[in-house]
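The lines below spell out each chain.
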Amino acid sequence: MKIDSFKQVDTIILGAGISGLTLAHYLNKKNLDFLVVESQPKVGGNIISFEKSGFVCENGPNTVLLNKKSVVELIDEIGLKDKIIFPNDYNNKRFLLRKGKLIPIPQNFIEFIKTNLLSLTSKLRLIIEIFIPKHNRNVSVKSFFKKRFGNNFEEIFVEPFLTGIYAGETNKMSTKHVLNKIWNMEQKSGSIIIDTLKRKKKLNKSRSFNFKNGLIDFVLAINKNISNKIILKSEVTSVKKIKKGYEIIINNNIKYHCKKLISTLPAFGLANIIFDEKISKNLKKINYCPIMVLHLGIEKSKIKENIDGFGVLTKRKDNQSFLGILFNSRIFPHVAPQGNDLLTVIIGGARQPQLIDQDVNKLKKTIINEIRKIISYDGKIIMENNFLWKNGIPQYDLDHDVLIENISDFHKKNKNFYILGNYIKGISVSDCIQNAFELSKKL
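Just so it is clear, the structure is predicted and the values come from calculations on it, not from any experiment.

Enquirer: Explain the overall build of the protein chain here, please?
Expert: Assigned secondary structure in the protein chain consists of 16 helices and 18 strands. Over its C-alpha atoms the protein chain spans a radius of gyration of 23 Å, differing by no more than 12% from the 22 Å that the globule rule assigns to 443 residues. Oriented by its inertia axes, the alpha-carbon framework of the protein chain measures out at about 75 × 55 × 45 Å. Burial status across the protein chain gives 54% buried among its 443 residues. A sequence separation of at least 24 residues applies to 71% of the contacts in the protein chain between residues at least 6 apart.

This is the structure:
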């Protein structure tokens, strides 16, 4: 490797996913000197939208929550405020399976009393929650809800809900980090029920949103004003600490020096190039669940069951070959041609990692047959597409506090080197935007 010269830039951002792009947007607003380095030939990271046979599909996130001021401001600043598409009234309706049939999850107290998802004994068990002492240390999500609400509640409601978000196992998830609001409610009031009753105002439900061509519209709008400061197909092969900042080498032959360095790379990507052995070791410990995404376009008129809702989540005991199904076009009708429905099936995760190693065609056939039974569908499969995330969703395990502490120590020892990513303080798109926005204020 021969490098005769180097280029100087004030700030370098590693990665052009939603975190890197958001940070770059705010640095550009301040007219700061920066460069974004991305190994892929495109921006967006996990946000991958595409059109096939008239269906608008997402390989990554399907929606974004409008739950943070930073998200609202960003949308306005990139000129997409008037192009937001909000979901229809079915957005909050979700289903579980009971004996292979779709059962709506209760949305209010009366529905909860009437539901047959829980036995009368299990419903009465919930009342005891107000007498259960709060935890004095962080525990797994499974342990937390088993203690507060009983086994059945955790298995029937909590497990499928979090499997739909993290694709992980609740007996390994950190309550404090995965369900921070719930954890704080218990720590503050000693009871989830009591804390809920104390609240004078009803909590506002955050609205999700999408765009005409999918979330790629979001990415491209952010990228529009900063594309000249992004270099694609540029893999970082080395990161070193130098006297006046940091040195990075790209594609083994291009050297940059910078005063500030921000990594938004996945944990496993940063672990391979970072100069600190301790932080590298801890980053390599982060578990990413493998996920397969299967898109299905079907005939709307041939669906006999009522699937007007966000989707269906499965429990381990359901013995299905998938974690959940999103009824995309029931939420956002524009993603499917008229007269058709778009379904997105999530497969694998920590529960069934072996499935994604099967023959794809055999697996798809099994899943399609299961879905046909659940929604009573006897029509054609108009469109299908599958995508595999070998390193899908990062898990927030019980040692997550150790990771956060180690990253904090690294920041203190290495001035102006910041680590961002969906494996630290929230996996959602809105979390990534918020964290990037907060860091931009420091820069």
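Having seen the structure, we can now continue with the description.
Enquirer: Is there a simple way to think about the side chain of Glu-129 in this case?
Expert: Mapped onto the elements, Glu-129 comes out in the loop between helix H4 (120-127) and helix H5 (141-149). Side-chain polar atoms of Glu-129 contact the side chain of Arg-148, separated by 2.7 Å. Discounting residues that sit within four places of it in the chain, Glu-129 has contacts with Arg-148, Phe-149, Ser-191, Ile-192 and Ile-193.

Enquirer: For this particular structure, what's the right way to read the pattern of salt bridges?
Expert: Pairing between side chains of opposite charge can happen when the charged atoms of each approach one another. Per the stated rule, a full pass over the model turns up 18 salt bridges. The salt bridge involving Lys-255 is made with Glu-247; its shortest N-O contact spans 3.7 Å. With its nearest N and O atoms 3.5 Å apart, the salt bridge here joins Lys-304 to Asp-378. Of the two residues, Lys-304 is situated in the loop between strand E13 (288-299) and strand E14 (311-313) and Asp-378 in the loop between helix H14 (360-375) and strand E17 (381-394); the sequence distance between them amounts to 74 residues. An identical accessibility class is assigned to Lys-304 and Asp-378; each is exposed. One network of salt bridges, in which partners are shared, links Glu-129, Arg-148 and Glu-186.

Enquirer: Explanation requested: the pairing of strand E2 (residues 34-37) in the structure shown.
Expert: The alternating pattern of E2 places Phe-34 and Val-36 on one face and Leu-35 and Val-37 on the opposite face, and all of these are buried. The pairing of strand E1 (residues 6-14) with E2 spans 4 bridges and is classified as parallel. Note on E2: the bridge partner recorded for Ile-13 is Val-36. For the crossover that starts at E1, traverses helix H1 (residues 18-29) and ends in the parallel E2, the hand is right-handed. Pairing of E2 with strand E9 (residues 230-231) involves 2 bridges; the strand directions are parallel. Bridge assignment links Val-37 to a residue of E9, and that residue is Ile-231.

Enquirer: What's the story with empty space enclosed by the protein in this structure? I'm lost.
Expert: Sizing a probe to match a water molecule and rolling it over the atoms shows the empty space that remains. Within the structure shown, the criterion is met by 3 cavities of 30 Å³ or more. A volume near 110 Å³ is recorded for the largest cavity. Broken down by secondary-structure element, the contributors of at least two residues to the lining of the largest cavity are strand E4 (55-58), helix H13 (328-331) and strand E16 (340-348). Sorting elements by how many residues they give to the lining of the largest cavity places E4 first, with 3 residues. The residue makeup of the lining of the largest cavity, split by class, is 8 nonpolar, 6 polar and 1 charged. Looking at the second largest cavity, its volume works out to about 60 Å³. Taken together, Asp-276, Lys-278, Ile-279, Asn-406, Asp-409, Phe-410 and Lys-413 make up the full set of residues lining the second largest cavity. Counting residues per element, the ones that place at least two in the lining of the second largest cavity are helix H12 (277-284) and helix H15 (400-413). For the lining of the second largest cavity, the element with the most residues is H15, which contributes 4 residues.

Enquirer: Help me out: how do you make sense of the packing of aromatic side chains in this one?
Expert: When we look at a pair of aromatic rings, we describe it by the centre distance and by the angle of the planes. For the structure shown, the criterion picks out 20 aromatic pairs. Plain terms: the ring middles of Phe-145 and Phe-153 are 6.2 Å apart, the flat faces sit at 25° to each other, and that makes the pair stacked. On the accessibility criterion, Phe-145 (7% relative accessible area) is buried. Taken together through their ring pairs, the aromatic side chains of Phe-112, Phe-144, Phe-145, Phe-149, Phe-153, Phe-157 and Trp-183 make up a single cluster. A cation over a ring is seen here: Arg-94 above Phe-310, with NZ or CZ 4.1 Å from the ring centre. A cation over an aromatic ring shows up here: Arg-207 above the ring of Phe-86, its NZ or CZ 3.8 Å from the ring centre.

Enquirer: Help me out: how do you make sense of the state of the cysteines in this one?
Expert: Covalent bonding between the sulfur atoms of two cysteines defines a disulfide. Following the criterion strictly, the structure yields 0 disulfides and no others. Of the cysteine sulfurs around Cys-289, a residue in no disulfide, the closest is that of Cys-432, at 17 Å. Given a relative accessible area of 2%, Cys-289 falls into the buried group.

Enquirer: Got a minute to help me understand a nonpolar patch on the surface in this structure?
Expert: A cluster of nonpolar side chains, namely Phe-109, Ile-110 and Ile-113, defines an oily patch on the protein surface of about 340 Å² accessible area. Mapped onto the elements, Ile-113 comes out in helix H3 (residues 109-114). Taking relative accessible area as the criterion, Ile-113 reaches 45% and is therefore assigned partly exposed.

Enquirer: What exactly am I supposed to notice about the layout of surface pockets here?
Expert: Its volume calculated, the second largest pocket comes out at about 390 Å³. Lining the second largest pocket are 15 residues, and of these His-411, Ile-419, Leu-420, Lys-425 and Lys-442 sit closest to its centre. Mapped onto the lining of the second largest pocket, the elements with two or more residues apiece are H15, strand E18 (417-419) and helix H16 (429-442). Among the elements that make up the lining of the second largest pocket, the one with the highest residue count is H15 (5 residues).

Enquirer: Is there a simple way to think about unusual backbone geometry in this case?
Expert: What you tend to see is this: most non-glycine residues have negative phi, and most peptide bonds are trans. Positive phi values are uncommon outside glycine, yet Ser-53 reaches one of about 55°. Counting through the fold element by element, Ser-53 comes out in the loop between strand E3 (49-52) and E4. Of note in the backbone geometry, Ser-376 takes a positive phi value of approximately 50° without being a glycine. By the element assignment, Ser-376 lies in the loop between H14 and E17. For Ser-376, a relative accessible area of 23% corresponds to the partly exposed category.

About the criteria used
- Residues numbered from 1 in each chain as written.
- Predicted model: local features only at pLDDT ≥ 70, side-chain atom pairs only at ≥ 80, totals over all residues.
- Heavy atoms only, no water.
- Helix = DSSP H or I, 4+ residues; strand = E, 2+ residues; numbered from the N terminus.
- Rg over C-alpha atoms; globule rule 2.2 N^0.38 Å.
- Buried < 20%, exposed > 50% of the residue type's maximum accessible area, 1.4 Å probe, protein only.
- Contact = heavy atoms within 4.5 Å.
- Polar contact = N/O pair within 3.5 Å; in protein donor to acceptor, adjacent residues only side chain to side chain.
- Salt bridge = Lys/Arg side-chain N within 4 Å of Asp/Glu carboxyl O.
- Pairing = 2+ DSSP bridges.
- Right-handed = clockwise from strand over helix to strand, strands pointing away.
- 1 Å grid on protein atoms, 1.4 Å probe; cavity = no way out; pocket = protein on both sides within 12 Å on 5 of 7 lines; lining within 4 Å.
- Points joined across faces, edges and corners; volume = space filled by probe spheres on them.
- Nonpolar A, V, L, I, M, F, W, Y, C, P; charged D, E, K, R; others polar.
- Phe/Tyr/Trp six-rings, centres within 6.5 Å; stacked < 30°, edge-to-face > 60°.
- Lys NZ or Arg CZ within 6 Å of the ring centre and 35° of its normal.
- Disulfide = S-S within 2.5 Å.
- Patch = residues over 30% accessible without salt bridge, like charges linked within 9 Å, V, L, I, M, F, W, Y side chains within 5 Å.
- Areas by Shrake-Rupley, 256 points an atom, 1.4 Å probe, with all protein chains shown as cover.

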